[in-house]
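This is what each chain is made of:
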Amino acid sequence: MYKQIGVTGKPNHLLRDQMIRLLIYLMVLCVSGVFLWILLDLIHGGGALLSWDFLTDVPRDAGRAGGIGSILISTLLVLLIALLVALPVGWATAMLLAEFIPAMSLLGRWVRYSLQVLAGVPSIVFGLFGYAFFSIYLGMGFSILSGGLTLACMLLPILVSTAEAGLRAVPESYRLSAAALGMSRTATLFHLLLPVAAPAWAAGLLLGIGRAAAETAALMFTSGYVDRMPESLLDSGRVLALHIFDLSMNVPGGDAPAYASALVLIILLLVINLIAMQLIHFWQRRKLNTE
């Protein structure tokens, strides 16, 4: 009787597995299809404008003519400042929460609760905070530095939560084995846990870059609207996402440059993601091979 049940039940399990696998493939195809649809629409609307002059020239006639050279420089500077500030703070906080502070301690619960609240705060609120604190109170005005620091505050919840989750996902046997070999907690963290948790950290980094590059509301109040080439970090600068918004909403005849600028933004994000993934993969492989 048991053999008969097993034989008759096996095809049902195989059918269920095949259906689940098919459903997963369909979901992947749907996500990829949406991305390709958006990409093809951007290429159709603004691909004809893409050229070296478009990437290097400054905007003219409110963005209808010229290029996005100064916009690209401002975008990269804002991203660089945000990452340079947010990465050390966010990843250090994640290491502290995951390895040195008990999960149920008052400090740990308070920090996690604060991060959850920050993750749900609308970007416009971050923009008002950045305008009040960085632009007015600290006297930075509408500047790239003010915009970058505001974005850094927005990225902290993403970076901390993904990095902490990656560290906690490492099996406890790794820590026990390292302790048995006499390794300190700090040595275990940097030489064993971080290489294993690197994919989760990379995911958080890419999510942070994507959110920072696509932000408009927060930078509207901090980095400003000026589309000229910035001469210092205290100069105002318009980022790509804000430039796209302005062209599509406020500039008659700016649809084609807006499409081309959006296409450049997508390509920029793809290039940054590929570079970041390759660097983290190279570091992880080198770290694990040399230990």
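Computed from a predicted structure; not experimentally measured. (Residues numbered from 1 in each chain as written. Predicted model: local features only at pLDDT ≥ 70, side-chain atom pairs only at ≥ 80, totals over all residues. Heavy atoms only, no water.)

## A closer look at the layout of surface pockets
- What the largest pocket holds in volume is close to 320 Å³.
- As for the largest pocket, its lining consists of 13 residues, and the residues nearest its centre are Trp91, Leu205, Leu279, Ile280 and Trp283.
- Breaking the lining of the largest pocket down by element, the ones donating at least two residues are helix 3 (69-100), helix 8 (185-213) and helix 11 (255-290).
- If you tally residues by element for the lining of the largest pocket, the top one is helix 11, at six residues.
- Looking at the lining of the largest pocket, its residues break down into 13 nonpolar, no polar and no charged.
- In this structure, the second largest pocket occupies an estimated 160 Å³ of space.
- Lining the second largest pocket are Leu50, Leu55, Leu72, Leu76, Val264, Ile267, Leu268 and Val271. (1 Å grid on protein atoms, 1.4 Å probe; cavity = no way out; pocket = protein on both sides within 12 Å on 5 of 7 lines; lining within 4 Å. Points joined across faces, edges and corners; volume = space filled by probe spheres on them. Helix = DSSP H or I, 4+ residues; strand = E, 2+ residues; numbered from the N terminus. Nonpolar A, V, L, I, M, F, W, Y, C, P; charged D, E, K, R; others polar.)

## Topic: the domain arrangement of the chain
- Segmentation of the chain into domains returns domain 1 (14-49) and domain 2 (52-289).
- Centre-to-centre separation of domain 1 and domain 2, based on C-alpha positions: 26 Å.
- Each partner contributes to the interface: domain 1 provides nine residues, whereas domain 2 provides nine residues.
- Contact between domain 1 and domain 2 buries roughly 750 Å² in total, counting both sides, with carbon and sulfur atoms accounting for 84%.
- Applying the counting criterion to the domain 1 and domain 2 interface returns zero salt bridges.
- There are zero residue pairs in polar contact (both at pLDDT 80 or more) connecting domain 1 and domain 2.
- Among the residues making up the side of domain 1 that touches domain 2, the classes are represented as five nonpolar, three polar and one charged. (Domains from an automatic or database assignment. Contact = heavy atoms within 4.5 Å. Buried area = accessible area lost by both parts, 1.4 Å probe. Salt bridge = Lys/Arg side-chain N within 4 Å of Asp/Glu carboxyl O. Polar contact = N/O pair within 3.5 Å; in protein donor to acceptor, adjacent residues only side chain to side chain.)

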